[in-house]
Amino acid sequence: MDRAEAEDCNCISQSIADQMAKGACELFHADIGFATTGYAQASQEYKVAIPFAYISCYDRNRGLFVFQEKITGTDQFSRIAMQEFVMKKVINLIQSSFL
């Protein structure tokens, strides 16, 4: 992962999610790598009013990203609700991309 880029965005960007997904393939010799990064709840410190996450799926054999997406929650979501919301979206994308 590009350390300067990660520090600049608090490790939260589509590019960081992409690097993490691709890095998971390389590190674990996996065919498919998934990554999420984001804020599961509002953060005054980082000026985040609405929780959001970036997700990425990399296919090492094809050398391409299967999906990359920003998911935005609502200000009504608890931290757990946002995590569940993101994971449901990831599962739906996996099902539509691979099954």
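Structure first, text after, so check above.
Rules and cut-offs
- Each chain has its residues counted from 1, running along the sequence as written.
- Local features are withheld for residues below a pLDDT of 70 in this predicted model, meaning they are given only at 70 or higher, and side-chain atom pairs are given and counted only at 80 or more; totals for whole chains, interfaces and linings count all residues.
- Side-chain descriptors were evaluated using all non-hydrogen atoms of the structure, hydrogens and water having been removed beforehand.
- The set of buried Ala, Val, Leu, Ile, Met, Phe, Trp, Tyr and Cys residues whose side-chain atoms join them within 4.5 Å is what this entry labels a nonpolar core.
- Only protein chains enter the accessibility calculation, which uses a 1.4 Å probe; a residue whose area is less than 20% of its type maximum is buried, one above 50% is exposed, and one in between is partly exposed.
- Going along the chain from the N terminus, every DSSP run of H or I of four or more residues is numbered as a helix, and every run of E of two or more is numbered as a strand.
- Pairs of residues are marked as contacts when any of their non-hydrogen atoms sit within 4.5 Å.

**Q** Please provide a residue-by-residue account of the nonpolar core, values included.
**A** In this structure, Ala-53, Ile-55, Cys-57, Phe-67, Ile-71, Met-82, Val-86, Val-90 and Leu-93 together form the largest nonpolar core, which totals 9 residues. Looking at this core, the elements that each hand over two or more residues are strand S2 (52-59), strand S3 (64-72) and helix H3 (79-98). No other element matches H3, which puts 4 residues into this core. Sequence-distant contacts of Val-86, defined by excluding residues within four places in its chain, comprise Thr-36, Ala-53, Ile-55 and Ile-71. Counting 6 residues, the second largest nonpolar core, distinct from the first, contains Ile-12, Ala-17, Tyr-39 and Phe-52.

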